Each structure stands twice: as structure tokens, then as C-alpha cells.
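The lines below spell out each chain.
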Amino acid sequence: MTLLEVRDLHVDFHTRDGIVKAVNGVNYSVDAGETLAVLGESGSGKSVTAQAIMGILDMPPGRIPKGEILFQGEDMLTMSKEQRRKLRGAKIAMIFQDALSSLNPVLSVGYQLGEMFRVHQGLSRKEARAKSIELMDRVNIPAAKDRVRDYPHQFSGGMRQRIMIAMALALEPDLIIADEPTTALDVTVQAQVMELLADLQREFNMGLILITHDLGVVADVADKIAVMYAGRIVETAPVKELYKAPAHPYTRGLLDSIPRLDQKGRELYAIQGLPPNMSRVPEGCAFHPRCPAAQDICRSELPPLAEVGAGRGSACHFWKETLGD
Ligand code: SF4
Ligand code: MG
């Protein structure tokens, strides 16, 4: 069942430099029990898309001139504020990169977890505390019973991120959106937290949207990937196929820049240059100034997202050559 479908989404920001089209016609969907990784560098529009879904685009003021965000078939963009707020509380939860700034430093984690149950389910303090301990156990926080009264700063970064996951899970949402959930953690802890998230996603049969700049962290947990560049999706594919044979030079560059066990001894590659300033996106294919395969046509014509296989798309004029390489 399709849980969430983003259709032709556009997000604009009005800045001193003019209108910045941060998201420019994005389509993606996630089913119950499925994990979609949305991959991109900073400024690619991956977080902005998530913020549009969550209805938290207001800082700085973002506008959605076009598009639909269907949650279980209903367009969130035309719902009443109240309806949307309810969805956000109970059915869609979000996890952010920085647990320390998302948690309140002067309240115990038990209190903050318990608040979810008190506010949304009307549980008593005692019941809410018991539920909080249960959840802390569930996300593998050792000695949850003793730690429920501790404050956020008393936990390590990895443990705090587990607490954020517990908060997101509290109301058993249908969909979790995790924006760089492990970026602030060191590599070993990253893998553990990612694994936990994947386990819980399976156990609760939730949809999961994993937003990341790191292709390495999503390889084992995602079912499919949407790669974003300069506000558009440039490649979309089941994760295994994308790893085996990317159909877009940008994806290929990203793949070549992560260490892989199956290719020991290979020299790591770095994509040259930087992502574009979004108020001055290059004409044609936005990736052309950085693309080793660019031709004349790339500088003038925007490549459409072409179907390049079952459930696969690539926005490259030369996807065939890229796939065949
Ligand atoms: Fe490179 Fe051209 Fe393909 Fe863009 S369209 S990714 S510039 S080959
Ligand atoms: Mg971001």
C-alpha cells in the first residue's frame, strides 16, 4: 500500500537574491514497510522536501507553488491545519540530526518521552513513566529504569539519538522521516543506530524515509533510493540495482567516492567542484560543470527523468552509456 506519495512538488524561497527554487518537480513514494533513502549533498533539496511533508517550511519562509503530498491518499497540502497537525503528531514522526537541540535540556528524558503519552493518550504520570522505560528498553538504552530521570546532556550522542528514535516511535507512527539521523555520530555508533532504526521499521512495518548525504550508510537498510541534485531527482532505483550499475554520472561519482568491501585496493574518487548555488543553477543539466561525461547538449537542455528500467529512472542525456560502462 502506498503510504506517502509526493507528486510534482515545488518549493520556492523568496530571498534577497530572488526566488530560489529549492525543490523543482520532485516525485517519490514510500509504501508501508518500505525504506526510501533520499540522497543528496547539502542544498540538493532533500531536507526541504521533508520539511514540506512535515509542514515546517516557515523558517525561512518557503512557499509551495505546485504539487501534492498524499498521505494514505489524502493531500496534506489541502487539509486543514488541525487535520495536518494531528497527522504529524500521531501518524508521521520526524527524527533530526541533532538530538541535543531537539531535546529540552532542562527536562529529564523520561519526562519528555512521557509527555508524548500524557498529551496524546491521556495517560497518568505513572503510566507514562512506565511506557517511557519500556521504550528506552526497546531502543537498547542500558539500565533504562535508572536512567529515565537523567537529562539529555548525561547521555552520549548515540544514546541521545536512540532517545530521539524512541520519541518518534512513541505513538507508533505509520511513517518516520529521519533527516541525517546518524551524521553527528562516529562511524561505529552510526552503524548501530542505523541498524536499530531498520529493525524497528521492520518490526512495526512502518514506512521510513532516510535522508542522507552518505550513500554508505543506507546501502544495507534502504529498499530504494532517490538521488537529488540541485532541487531535482536525478536518479531513482532499487538500492541493489543502483549499487550494481548506476544510471547517472552523479550517482556513479558518489558510489566511487565511498570505500567498498567488494572493491578493496581501489582508489577513492572525489567528484570535482561543488554543488551549485541554488540562486544560480546552471542551465541545462545542473550537474554539467562537474560531470566528466558532459557534452554540448548538457549545457543547454535539461534532461528529463527517463525510465531506464523497471522502477528505475535517470535524468541524464547519456544514461545508456552510463549504464553500459
Ligand atoms: Fe553529465 Fe550530461 Fe548526463 Fe548531465 S546530462 S549527468 S552533464 S552526461
Ligand atoms: Mg539537511
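Here the structure is a predicted model, which is why all the values come from computation and not from measurement. (Residues numbered from 1 in each chain as written. Chains lettered and ligands numbered in written order. Predicted model: local features only at pLDDT ≥ 70, side-chain atom pairs only at ≥ 80, totals over all residues.)

Engineer: Explanation requested: the sheet that holds strand β5 (residues 74-75) in the structure shown.
Structural biologist: Backbone-to-backbone hydrogen bonds pair the strands of a sheet. The strands run either parallel or antiparallel. Overall, antiparallel pairing links the 4 strands, which are arranged β2-β1-β4-β5 in an open sheet. Only two strands of the sheet have a single partner each, and these edge strands are β2 (18-31) and β5. Bridge count between strand β4 (residues 62-71) and β5: 2 bridges; the pairing is antiparallel. The partner of Phe71 across the bridge, within β5, is Glu74. (Pairing = 2+ DSSP bridges. Helix = DSSP H or I, 4+ residues; strand = E, 2+ residues; numbered from the N terminus.)

Engineer: Explain unusual backbone geometry to me, please; I cannot follow it from the model alone.
Structural biologist: The general pattern is negative phi for most residues beyond glycine and trans for most peptide bonds. Even without being a glycine, Ala143 presents a positive backbone phi close to 50 degrees. Look at Glu172: it is not a glycine, yet its phi comes out positive at around 50 degrees. Residue position: Glu172 is located in the loop between α7 (157-169) and β7 (175-179).

Engineer: Explain the packing of helix α4 (residues 109-121) against helix α5 (residues 125-138) to me, please; I cannot follow it from the model alone.
Structural biologist: When two helices pack together, you describe them by how their axes are tilted relative to each other and by the distance separating the axes. Two numbers describe how α4 lies on α5: the axes approach to 8 Å, and their chain directions differ by 115 degrees. Crossing hand, α4 versus α5: right-handed. Residues Gly110, Leu113, Gly114, Phe117 and Arg118 of α4 form the contact with α5, whose own contacting residues are Arg125, Ala128, Arg129, Lys131, Ser132 and Leu135. Per-class residue counts for the contact of α4 with α5 are 4 nonpolar, 3 polar and 4 charged. (Axes fitted to C-alpha atoms, helices over the stretch in contact; angles between N-to-C directions. Left-handed = near helix turned anticlockwise from the far one by under 90°. Contact = placed C-beta atoms within 7 Å. Nonpolar A, V, L, I, M, F, W, Y, C, P; charged D, E, K, R; others polar.)

Engineer: I'm lost on the site of ligand 1 in this one. Help?
Structural biologist: Around ligand 1 there are 13 residues in total, and Cys285, His288, Cys291, Cys298 and Cys316 lie nearest to it. Residue composition of the shell around ligand 1, grouped by class: 10 nonpolar, 3 polar and no charged. (Near = placed C-beta within 6 Å.)

Engineer: Help me understand α7 in this model?
Structural biologist: Because an α-helix packs 3.6 residues into every turn, residues spaced three or four apart end up facing the same way. Along its 13 residues, α7 runs 18 Å from first to last C-alpha, staying within 8% of the 18 Å computed at 1.5 Å per residue. Burial analysis of α7 places 12 of its 13 residues in the buried class, the great majority of the element. The complete set of buried residues in α7 reads Gly158, Met159, Arg160, Gln161, Arg162, Ile163, Met164, Ile165, Ala166, Met167, Ala168 and Leu169. (Expected span 1.5 Å × (residues − 1). Buried ≥ 20, exposed ≤ 12 C-beta atoms within 10 Å, placed from the backbone.)

Engineer: In this structure, what is going on with the confidence of the model for the protein? I would like to understand it.
Structural biologist: Note that predicted coordinates carrying low pLDDT should not be read in detail. Confidence in the prediction for the protein averages 92 pLDDT; 99% of positions are at 70 or higher. Scored as a complex, the prediction yields pTM 0.93 and ipTM 0.95. (pLDDT = per-residue confidence, 0-100.)

Engineer: Can you walk me through the sheet that holds strand β8 (residues 207-212) in this structure?
Structural biologist: Read across the sheet, 8 strands follow the order β6-β7-β8-β3-β9-β10-β12-β11 without closing on themselves; strand pairing throughout is mixed. Of all the strands in the sheet, the pair left with one neighbour each is β6 (92-95) and β11 (306-309). The average angle at which neighbouring strand axes cross in this sheet is 25 degrees, direction not considered. Pairing of strand β10 (residues 232-238) with strand β12 (residues 312-314), which is carried by 2 bridges, proceeds in the antiparallel orientation. Bridge pairing links Thr236 to Gly313 in β12.

Engineer: Is there a simple way to think about the pairing of β4 in this case?
Structural biologist: Across a regular strand the side chains alternate sides, sitting on one face of the sheet and then on the other. Examined bridge by bridge, strand β1 (residues 2-15) and β4 share 7 bridges and lie antiparallel to one another. Residue pairing for β4: Leu4 is matched across the bridge by Phe71. The turn joining β4 and β5, which pair antiparallel and follow one another in sequence, is formed by 2 residues; a positive phi near 45 degrees is taken by Gln72.

Engineer: Explanation requested: the nonpolar core in the structure shown.
Structural biologist: Across soluble globular proteins, nonpolar side chains show a tendency to be buried alongside one another. Ala166, Ala168, Ile176, Ile177, Ile209, Ile225 and Val227 are the most contacted members of the largest nonpolar core, which totals 89 residues. Top element by residues in this core is α7. It accounts for 8 residues. Setting aside its immediate chain neighbours within four residues, Ile177 contacts Ala50, Ile53, Met54, Ile92, Met94 and Ile209. (Core = buried A, V, L, I, M, F, W, Y, C linked by C-beta atoms within 7 Å.)

Engineer: Can you help me understand the packing of α4 against α7 in this one?
Structural biologist: Contact geometry of α4 with α7 gives a least axis separation of 9 Å together with a crossing angle of 20 degrees. Between α4 and α7, the angle falls in the class roughly parallel. Both α4 and α7 take part in a crossing whose hand is right-handed. Judged by residue contacts, Val109, Gln112, Leu113 and Met116 of α4 engage Ile163, Ala166 and Met167 from α7. (Parallel < 35°, antiparallel > 145°, perpendicular 65-115°, else oblique.)

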